[in-house]
There are 2 protein chains.
Amino acid sequence: MEKAHHVEDVHRNSKDVREPFVPLVIIQFASSTKQAAITWMIAKLQASRHEGGAELTVQTMVMPHSDETMLYIGANTNRLLLAAEMMEMKKLHVDGHMREVVIHDLQSFQGSDDLSTFFTKGEKQKILLHEIEGVRAEPLDTNIPGYEQIKLYPGKSILKKYLSRGLVLQFYPLHDEEEIKRLGDEWYQYQKVFSEQPLDKIRNYFGEKIAIYFAFLGIYTVALFPPALIGIIYLVTFWKSVYREAIFAVFNLIWSTLLLEAWKRYSSELSYKWGTLNSSSALKIDEPRADYSGDLGRNPVTGNPEPVYPKWKRSCRFYLVSVPIISICLIVAFVVMLLYFWMQAWADSVYHSSGERWLYLPILYTPTIVYSVAIFLMNTVYRMIAKELNDFENHRLESSHENHFILKLVLFDFVNCFMSLFYVAFYLQDRTLLRSHLACLLITSQLIGQVQEAMVPYFFFKRRETQLAEAMKKSDNLKQLDGRAEIDKTIQKQAVLEGTMSVYEGTMDDYLELFLQFGYVFLFSSAFPLAALWALLNNVTEIRTDAFKMCRVYQRPFCESASNIGAWQVAFEVIGLISVITNTALIGMDPTVQKLLPSDMSAVNIVLIFVIVEHVVLAIKGAVAYFIPDMPKWVQIELAREDYQSKQALQKERLQAANRKRQELHEISRPRMSSRSTEI
Amino acid sequence: MEKAHHVEDVHRNSKDVREPFVPLVIIQFASSTKQAAITWMIAKLQASRHEGGAELTVQTMVMPHSDETMLYIGANTNRLLLAAEMMEMKKLHVDGHMREVVIHDLQSFQGSDDLSTFFTKGEKQKILLHEIEGVRAEPLDTNIPGYEQIKLYPGKSILKKYLSRGLVLQFYPLHDEEEIKRLGDEWYQYQKVFSEQPLDKIRNYFGEKIAIYFAFLGIYTVALFPPALIGIIYLVTFWKSVYREAIFAVFNLIWSTLLLEAWKRYSSELSYKWGTLNSSSALKIDEPRADYSGDLGRNPVTGNPEPVYPKWKRSCRFYLVSVPIISICLIVAFVVMLLYFWMQAWADSVYHSSGERWLYLPILYTPTIVYSVAIFLMNTVYRMIAKELNDFENHRLESSHENHFILKLVLFDFVNCFMSLFYVAFYLQDRTLLRSHLACLLITSQLIGQVQEAMVPYFFFKRRETQLAEAMKKSDNLKQLDGRAEIDKTIQKQAVLEGTMSVYEGTMDDYLELFLQFGYVFLFSSAFPLAALWALLNNVTEIRTDAFKMCRVYQRPFCESASNIGAWQVAFEVIGLISVITNTALIGMDPTVQKLLPSDMSAVNIVLIFVIVEHVVLAIKGAVAYFIPDMPKWVQIELAREDYQSKQALQKERLQAANRKRQELHEISRPRMSSRSTEI
């Protein structure tokens, strides 16, 4: 009770309480940014909430020579608590469940004895991100001070505008040196290769989104063991049988379905434990993305002001701009692929018909080299186009923004990476070429990745020195403008150093890499049984190098919530469906398999048999996915129980309120009666 | 405020208040039932709730000659309100939304000025059903008094035991003569054939489940217009083209997908309006079925006592008993079908090779007649087996009980009704036979149905006279035992009369009929384009005869909740998927279509082309179903808003509670201080 008291009192006049200033996030302005714009931003960050500010603590540092300004931003505990309640952040309740933080009920949350450590550093930074991005232009803010030409309109996130116009160079949270060291020791040390990842700690430090990625990578890697084992057995035993490929393909089809279903259940367990699983996720009242633009209107659910952009406009942009442009890109990629095969066929014929072959060797390899370069270029260009188009579509929610981006990437990479395999398998119908082409694609992409990632530690230590030297020079020159509280020198240096580190671009590329690998392993598994082994070897090291990069190479990313892998689940499941078709077709086309069937069977009937088999497998896959519940029973029960308890609490409180009201009425009516009695 | 007062006061000493007794539901005992059992049941119904009773008002009537006992059961308003709150029944709030009834907040609900009409009669009967079925055996109730051999165990519904042992013959709610007349005038009069059904009124009288059935029947019938129109055009124009069937099939495939998607959206609108749409239906805390048996345990969600039956036992019963028995039934049905075709082929050959054909005519028709009889017999037997198996599986929820029954029926009827079509289409590959067989199946089943249903009014009026006479005699002899309040003679007669009417067996058979019709129309639509027209004609009259039966022929059924058509949606969608396969195959097998393709194309490539087309259509269907949201935007927003508002209310009340607590503490501490100050 005392604590609730304390917190609310403190909140009302928070300026009276002094807490040591701990900088959590950094805003770094460009050296060319005008002072008026910097001052305005600082004022906005410090202004009180009812004036449209963020009510945060800001310390300003400038480097006199380069004229760079850095803001060290923190917040006192009450500000953080208030924001956490508004954001409906969940913390562990004493009853063992994740519950939304309620300030007046803080004493029921675990770890609330010491409010300064109640939130982890990651959570504090997440809150600050939300509050800083949430500072939006007021009706009177028509432009950024000092920049007449940079218009603002009400409801637009100010920080986003500064970032997009290059006035703010960087906006990043600070690492926690002690914690990251402890996490790293458990996570990526070589003696830990076969131990489980410390998922809870990863989640505490990096947020649910990244933890879910690593959990998926872990489960998927473990799931690769059985097919890899079969691959090894096939390699070692030289067992030749017509059933060899068919057995492997059937196993893989079942296995991939079970993997994806098991993952769905596991991720719901994780996200239940982490408090991100929503009982009715479709109906969540999400806030719009900070980048979302539109006329200022009202949210139909909450009634709060927010930008509104009509759906038909978005549909127009999607169907009239995005769809045609992406279709053109897909066609270009397809045509380039065809050109490659034609060039290769021509080169082959020249090479084989020539006399002095070694002279013509360059001709033989030119198509592949040209094609590799072309793929790389197309990928880069397409990536930019897709990003632009996606931003242009102006999705309201972060989730749909991301899902549309995933859809674009997946479509293109499907054509770019898998179409050539389809071409070889079903148009050229060349099994040997398919096997070598598949092996080539898989192994090349993994080797490149491995070399890149093996380089990482090397470059890291190399760069670290330069970074350190640079940071030392910079931080020595730093001059604190706002003299309220001296910032610790170590933190000053740390902030500058982390400002020179590379930025983690999100989980998108990591998932895309896994998606392509999943496709290589399962789409044509009957053609190349060793694919799973290669993928397994790759992923075992991938987990650790990714972990090292997260901890040591990148700037700390802001924590993001996630309850599952989102649209990637659908993407992987679609690959699973397609792999049924490709594998049945491959086996059906195998002449040795065809010999097993009665010899008087017509070609048409053979095809029909395989079509029927394919449909049966698809139906079984569909039934399995339909009948396996997406959540384990215990999670369902826990969710239902939470629902039930909150409903019970609501009813009880309503009943109490009604009783109180009645009592009040009773008390009001009594005095009157007694006064009347005295009159008599 | 006054009213909340009133209600709660009344609740506390409800015995002081006299309301006129209105009988709502009837329990009719068998004439052989021992008096001890009857008395015990009456005592249970009247006992107070904390003694495990239902706290209802019961009037007993006996017929001295036949010794039949009838209980006329009602409840006073406060009892109804209390039960409604416990059942979380929803009513229209003044804010225009359906909200759960909360007794202390009754004044915020529409129609609460007159509490006696606050609930409709249907709602009152639903509440009584819930309360009467909810009277369960206590630990001391080891057997039904008077029947040593009829054991009871704690938690078992007493009424269900009486019903299953034949002690209670009937348990039914009473019709509302005025209301049913008004509803009938709007619903099934012949001048209303083309006007919309009064769905809201149907829902108020018969409950959501039946209203949803008629809504679906209506939507489906309207959706049959376009394909029926095309069928007529094809019939009239005699336009011969190879594209004729293909165009029709493609139209039908798209149309059936859109129909099912549109229905999903429409039903969510209806159920939102009716308050049965749950934002998180999977997590609803449903009560177990009254028939559900198991050891008395605790509900894991609410902690309330209820029977518990371990899941593995149910799985054992399902996989080890149900699955094998049903498989055998399916195989038998399949073999009988094969026998029919063999017999038919033999009869054909005998007939055609014989000299004096007219002598052999009986032989030609014997197989069809035998097969028809066999189908009828198999259907009857299977129905009984399926019901037994389903009860044996002992499902906890009404919904899963029903879904498993639907699954069983659908599987069998698929084999029984559609397998012969598949056999003709793809094994015999006889297009003419397919068309005539399909037409025969569809039209026969509809004619039988129509004749049956046209008979209904005739038999109704025929029987009505007998019923009336019987009821008159009976009700004259009735003698009221419990003399508290005289029951109106008209109601006495009505109760007896309705006791002689047939019982409505639920929507299961109606859906099954539609399911089969849907299959006949869409599975082989390219073979018989007129199917939609026949179905349309059938359904237009079907709606009205069904409506007439509901209002006039059957005992009133208890209102049941529903938010959609449940497992039938999946069943219809599966038919939609299969129809893609069958129609592409049919068109692909058409020789005239095959002639359109380049003549140098091999048979294998032709097959492959159609396989590809089929996959593309399936993919499009899948994408359409995935991307069309199951709820219209406005329903989503309303649901989210309700969620948001209740969360806001909860937070506000918690805040107020905290403030009050603080104030109390303040008040406690003040007097002490002031007393101290006087001490100084």
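The model shown is predicted, which means the values in this text are computed figures rather than measured ones. (Residues numbered from 1 in each chain as written. Chains lettered and ligands numbered in written order. Predicted model: local features only at pLDDT ≥ 70, side-chain atom pairs only at ≥ 80, totals over all residues. Heavy atoms only, no water.)

> An account of the overall build of chain A is requested, with residue identities and associated values reported.
Within chain A, the regular secondary structure consists of 21 helices and 11 strands. Approximately 33600 Å² of chain A is accessible, and the part contributed by carbon and sulfur atoms is 62%. (Helix = DSSP H or I, 4+ residues; strand = E, 2+ residues; numbered from the N terminus. Areas by Shrake-Rupley, 256 points an atom, 1.4 Å probe, with all protein chains shown as cover.)

> Any chance you could break down helix H9 (residues 225-237) of chain A for me, citing the residues and the numbers?
All names here are of chain A. Compared with an ideal rise of 1.5 Å per residue, which puts 13 residues at 18 Å, H9 spans 18 Å between its outermost C-alpha atoms and is within 8% of the ideal. All of the buried residues along H9 are Pro227, Ala228, Gly231 and Tyr234. Looking down the long axis of H9, one finds its buried residues gathered within 120 degrees of arc, a one-sided arrangement. Opposite the buried face of H9, by more than 90 degrees, sit the exposed residues Leu229 and Val236. Considering only its buried residues, H9 is in contact with helix H8 (208-223), helix H10 (243-273) and helix H17 (531-553). Just beyond H9, the residue with positive phi is Phe238, at close to 55 degrees. (Expected span 1.5 Å × (residues − 1). Buried < 20%, exposed > 50% of the residue type's maximum accessible area, 1.4 Å probe, protein only. Arc of directions from axis to C-beta. Contact = heavy atoms within 4.5 Å.)

> So, the environment of B:Ala562: which residues are in play, and what are the values?
All names here are of chain B. The topology assignment puts Ala562 in the loop between helix H17 (531-553) and helix H18 (567-589). Linking Ala562 and Ser271, residues 291 residues apart in sequence, is a C-alpha distance of 7.5 Å. Not counting the four nearest positions on each side in its chain, Ala562 is found in contact with Glu208, Lys209, Ile212, Ser271 and Thr276.

> Run through the side chain of B:His615, naming residues and quoting values.
Checked against the element boundaries, B:His615 lands in helix H20 (residues 603-627). Exposure remark for B:His615: the relative accessible area of 15% places this residue in the buried category. Setting aside chain neighbours within four positions, we find B:His615 in contact with A:Ile581, A:Glu614 and A:His615.

> Can you tell me about the confidence of the model for chain A, naming the residues and giving the values?
On average, residues of chain A carry a pLDDT of 84, and 90% of them reach 70 or more. Confidence over residues 672-680 of chain A falls short of pLDDT 50; this stretch has 0 contacts with residues more than four positions distant or in other chains. (pLDDT = per-residue confidence, 0-100.)

> Would you mind going over the nonpolar core in detail, with residue names and values included?
Grouped together as the largest cluster of nonpolar side chains are 96 residues, with contacts concentrated most on B:Trp187, B:Phe206, B:Phe418, B:Phe515, B:Phe524 and B:Trp568. Ranked by the residues each element gives to this core, the list is headed by helix H13 (residues 398-428) of chain B, at 14 residues. Leaving out residues up to four positions away in the same chain, B:Trp568 has contacts with B:Ile406, B:Val410, B:Met508, B:Tyr511, B:Leu512 and B:Phe515. One finds A:Phe206, A:Phe460, A:Leu516 and A:Ile575 within the second-largest nonpolar core, a separate group that totals 94 residues. (Core = buried A, V, L, I, M, F, W, Y, C linked by side-chain atoms within 4.5 Å.)

> I'd like a description of helix H7 (residues 199-206) of chain A, backed by residues and values.
Because each turn of an α-helix spans 3.6 residues, side chains separated by three or four positions end up pointing in the same direction. Residues and elements named next belong to chain A. Every buried residue of H7 is listed here: Leu199, Ile202, Arg203, Tyr205 and Phe206. Check the buried side of H7 and you find it contacts strand S5 (98-100), helix H6 (177-187), H8, H10 and H17. Among the residues trailing H7, Gly207 stands out with phi positive, at a value near 95 degrees.

> Tell me about the pattern of salt bridges, and name the residues and values.
Residues and elements named next belong to chain B. Within the structure shown, the criterion is met by 45 salt bridges over all chains. Lys264 is the partner of Asp630 in a salt bridge, and the nearest nitrogen-oxygen pair spans 3.5 Å. Remark: Lys264 occurs in helix H10 (residues 243-273) and Asp630 occurs in the loop between H20 and helix H21 (633-679); sequence separation between them is 366 residues. Residue class for Asp630 comes out partly exposed when judged on its relative accessible area of 39%. In this structure, Arg431 engages Asp590 in a salt bridge whose closest nitrogen and oxygen atoms are separated by 3.9 Å. Within this pair, whereas Arg431 is found in helix H14 (residues 431-477), its partner Asp590 is found in the loop between H18 and helix H19 (591-596), the two being separated by 159 residues in sequence. Arg431 sits in the partly exposed class, given a relative accessible area of 27%. (Salt bridge = Lys/Arg side-chain N within 4 Å of Asp/Glu carboxyl O.)

> How would you explain the environment of B:Ile637 if you had to name every residue and give the values?
One can find B:Ile637 in helix H21. Classification of B:Ile637 by relative accessible area gives buried; the value is 18%. Ignoring anything within four residues of it in the chain, the contact list for B:Ile637 reads A:Pro300 and A:Val301.

> Any chance you could break down the side chain of B:Ser256 for me, citing the residues and the numbers?
All names here are of chain B. Within the secondary structure layout, Ser256 lies in helix H10. Relative accessible area serves as the criterion here: at 1%, Ser256 is assigned to the buried category. Aside from chain neighbours lying at most four places away, what touches Ser256 is Phe518, Phe522 and Lys621.

> So what's going on with the packing of aromatic side chains? Which residues, and what values?
All names here are of chain B. Using the criterion set out here, one finds 78 aromatic pairs over all chains in the structure. An angle of 75 degrees between the planes, with centres 5.0 Å apart, marks the rings of Phe518 and Phe572 as edge-to-face. Taken as a pair, Phe518 in helix H16 (residues 508-522) and Phe572 in helix H18 lie far apart in primary sequence, 54 residues in all. We note that Phe518, like Phe572, is buried. (Phe/Tyr/Trp six-rings, centres within 6.5 Å; stacked < 30°, edge-to-face > 60°.)

> So what about the pairing of strand S9 (residues 295-298) of chain A? Which residues, and what values?
Residue and element names in this part refer to chain A. With 4 bridges joining them, S9 and strand S10 (residues 305-308) adopt antiparallel strand pairing. What sits directly across from Gly297, in S10, is Glu306. The turn linking S9 back onto S10 is made up of 6 residues, and Gly303 within it adopts a positive phi angle of 80 degrees. (Pairing = 2+ DSSP bridges.)

> Break down a nonpolar patch on the surface for me, citing the residues and quoting the values.
All names here are of chain A. Taken together, the side chains of Trp358, Leu359, Tyr360, Leu361, Tyr365, Ile369, Val373, Phe376 and Leu377 make up a nonpolar region of the molecular surface, amounting to roughly 960 Å² of accessible area. For Trp358, the position within the fold is in helix H12 (residues 357-393). What makes Trp358 exposed here is its relative accessible area of 58%. (Patch = residues over 30% accessible without salt bridge, like charges linked within 9 Å, V, L, I, M, F, W, Y side chains within 5 Å.)

> Give me the lowdown on unusual backbone geometry, citing residues and values where you can.
Even without a glycine there, the phi angle at A:Glu88 is positive, about 55 degrees. Take A:Glu88: it is sitting in the loop between helix H3 (77-86) and strand S4 (90-92).

> Give a detailed account of the packing of helix H11 (residues 311-353) of chain B against H13(B), specifying residues and quantitative values.
All names here are of chain B. At their nearest, the axes of H11 and H13 sit 10 Å apart, and the two run at 30 degrees to each other. Judged on the interaxial angle alone, H13 and H11 are roughly parallel. Here H11 runs over H13; the crossing is right-handed. Here H11 contributes Phe318, Ser322, Ile326, Cys329, Leu330, Ala333, Phe334, Met337, Leu338, Phe341 and Trp342 to the contact with H13, which in turn contributes His404, Lys408, Leu411, Phe412, Val415, Asn416, Met419, Ser420, Tyr423, Val424 and Leu428. Among the residues making up the contact of H11 with H13, the classes are represented as 17 nonpolar, 4 polar and 1 charged. (Axes fitted to C-alpha atoms, helices over the stretch in contact; angles between N-to-C directions. Parallel < 35°, antiparallel > 145°, perpendicular 65-115°, else oblique. Left-handed = near helix turned anticlockwise from the far one by under 90°. Nonpolar A, V, L, I, M, F, W, Y, C, P; charged D, E, K, R; others polar.)

> Describe in detail the packing of H3(A) against helix H4 (residues 121-133) of chain A, supporting the description with residues and values.
All names here are of chain A. At a closest axis distance of 10 Å, the pairing of H3 and H4 adopts a crossing angle of 75 degrees. Accordingly, the angle class assigned to the pair H3 and H4 is roughly perpendicular. On the side of H3, the interface is formed by Arg79, Leu80, Ala83 and Ala84, while H4 contributes Lys124, Ile127, Leu128 and Glu131. Of the residues in the contact of H3 with H4, the class split is 5 nonpolar, no polar and 3 charged.

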